[in-house]
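Coordinates in review
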Amino acid sequence: MPAAMPSDVTTLDIIAFVWFVGSWVGFTITQDHLLTGRNVLNQHLRIVRRHWIERMLERDNRIIDSQLFGHTMHSCTFFASTNMLVLAGLIGSFGAAERAQQFISDLSFAVQTSPQLFEIKMLLMVVIFTFGFFKFTWALRQYNYCCALIGSAPMPPVPPDDRKEIARTISEALTLAITALNGGIRAYYFALAALVWIIGPIPLIAASSGVVLVLTRRQAFSATEKVIRVQTQWLERNDSTNTK
């Protein structure tokens, strides 16, 4: 084992950490890149956004669209601000890491760790929330780009072919922003899983798997997914009827 590695790091700790990272990366790749066209919540909403922008291009008054768009930007700003507060707290806790480690070690359900391993676990939390901060700020920048796209959208009447092309472009840009926002929110879920590492490596594996199961259920098997799927199918059927 390398000299820099704490002496109480076990093989099970390494396996649990790899499982944690693999669960997060695997779910992200599957959800954001491999499930295109599948019956999952994010893919339904991709279609809904395209129809939303098409309807917007048919309206003279777009105040309601601006309000809906502003609401999502406020949500992104809220998470970014909260993320900074959490990061500040985590970084500040390094000044009292020894007392914090002693407090955690006194808990009956927590595994006994060396100060070095405890600092590694805290550093993991800092890395997770730093990643989340970059995701939130990138999402916010992309929302600003979407504002420019929406502001440049032509007023009606817009030819049907042009309307579909413009709607596709703006909705895809909006989807990219929301994908970044979802990546930041996902960091919160996996941060909770990483927190369980103070109990032990087996709980970390269980928590990582649990987060994946919860997120998968919400995306593919929840009541919300079913309701939005029905609406999406209706929008697609109605769009096909209108284009005939």
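Residues numbered from 1 in each chain as written. Predicted model: local features only at pLDDT ≥ 70, side-chain atom pairs only at ≥ 80, totals over all residues. Heavy atoms only, no water.

**Quick word on the packing of aromatic side chains**
How we decide: Here a Phe, Tyr or Trp ring, Trp counted by its six-membered ring, pairs with any other such ring whose centre lies within 6.5 Å, and the pair is stacked when the planes are under 30 degrees apart, edge-to-face when over 60, and tilted otherwise. Working definition: with a 1.4 Å probe on protein chains only, accessible area under 20% of the residue-type maximum means buried, over 50% means exposed, and in between means partly exposed.
Summed over all chains, the structure comprises 13 aromatic pairs. Their ring planes at 70° and their centres at 6.2 Å tell us that F133 and F134 sit as a pair that is edge-to-face. For F133, a relative accessible area of 25% translates into the label partly exposed. Residue F134 is classed as exposed on the basis of its relative accessible area of 55%. An angle of 75° between the planes, with centres 6.3 Å apart, marks the rings of W138 and Y145 as edge-to-face. Using a relative accessible area of 41% as the deciding quantity, one classes W138 as partly exposed. Y145 gets classed as partly exposed once you look at its relative accessible area, which sits at 40%. Taken together, F78, F79, F129, F136 and Y188 form an aromatic cluster joined through their ring pairs.

**So, the side chain of N83**
To keep things clear, this is the line we draw: The numbering of helices and of strands both runs from the N terminus, where a helix is a DSSP run of H or I of at least 4 residues and a strand a run of E of at least 2. Every residue pair with non-hydrogen atoms within 4.5 Å of one another is taken to be in contact.
Topologically, N83 is positioned in helix α3 (residues 63–93). Owing to a relative accessible area of 0%, N83 belongs among the buried residues under this scheme. In this structure N83 touches F129, G132, F133, F136 and Y188, once residues within four positions along its chain are discounted.

**Quick word on a nonpolar patch on the surface**
What counts is decided by this rule: By definition, no residue in a patch forms a salt bridge, and every one has over 30% relative accessible area; like charges are joined within 9 Å, nonpolar side chains (Val, Leu, Ile, Met, Phe, Trp, Tyr) within 5 Å. Each accessible area value is a Shrake-Rupley result obtained with a 1.4 Å probe; residue values ignore everything except the protein chains displayed when judging cover. By definition, a salt bridge exists where a carboxyl oxygen of Asp or Glu is found within 4 Å of a side-chain nitrogen of Lys or Arg.
Together, I14, F17, V18, V21, V25, I29 and L34 make up an exposed nonpolar region whose accessible area comes to about 580 Å². Structurally, the position occupied by V18 is in helix α1 (residues 11–34). Using a relative accessible area of 52% as the deciding quantity, one classes V18 as exposed.

**Here we look at the packing of helix α2 (residues 41–56) against helix α6 (residues 160–195)**
Selection criterion: Angular values range over 0 to 180 degrees, each being the angle between N-to-C directions of two axes fitted as lines to C-alpha atoms, with helices fitted over their stretch in contact. For classification purposes, angles smaller than 35 degrees are called roughly parallel, those larger than 145 roughly antiparallel, those between 65 and 115 roughly perpendicular, and all remaining angles oblique. Left-handed describes a crossing whose near helix is turned anticlockwise from the far helix by less than a right angle; the clockwise case is right-handed. Think of it as three bins: nonpolar holds Ala, Val, Leu, Ile, Met, Phe, Trp, Tyr, Cys and Pro, charged holds Asp, Glu, Lys and Arg, and polar takes everything else, Gly as well.
Between α2 and α6, the least distance of the axes is 8 Å, while the angle of their chain directions is 140°. The angle between α2 and α6 falls in the class oblique. Crossing handedness for the pair α2 and α6: right-handed. In this structure, α2 contributes N42, R46, R49, R50, W52, I53 and E54 to the contact, and α6 contributes R163, K164, A167, I170, S171, E172, L174, T175, I178 and N182. Grouping the amino acids of the contact of α2 with α6 by side-chain chemistry returns six nonpolar, four polar and seven charged.

**Looking at the nonpolar core**
Basically, it comes down to this: What is meant by a nonpolar core is a set of buried Ala, Val, Leu, Ile, Met, Phe, Trp, Tyr and Cys residues, joined one to another through side-chain atoms within 4.5 Å.
Counting residues in each nonpolar core, the largest one holds 37 residues, and the members touching the most others are F20, I128, F129 and Y143. Sorting the residues of this core by element identifies α1, α3, α5 (115–151), α6 and α7 (201–220) as the ones contributing at least two each. No other element matches the twelve residues that α6 contributes to this core. Ignoring anything within four residues of it in the chain, the contact list for Y143 reads F69, T72, M73, C76, L174, A177, I178 and L181. Counting six residues, the second-largest nonpolar core is a separate cluster that includes M56, L57, A167 and I170.

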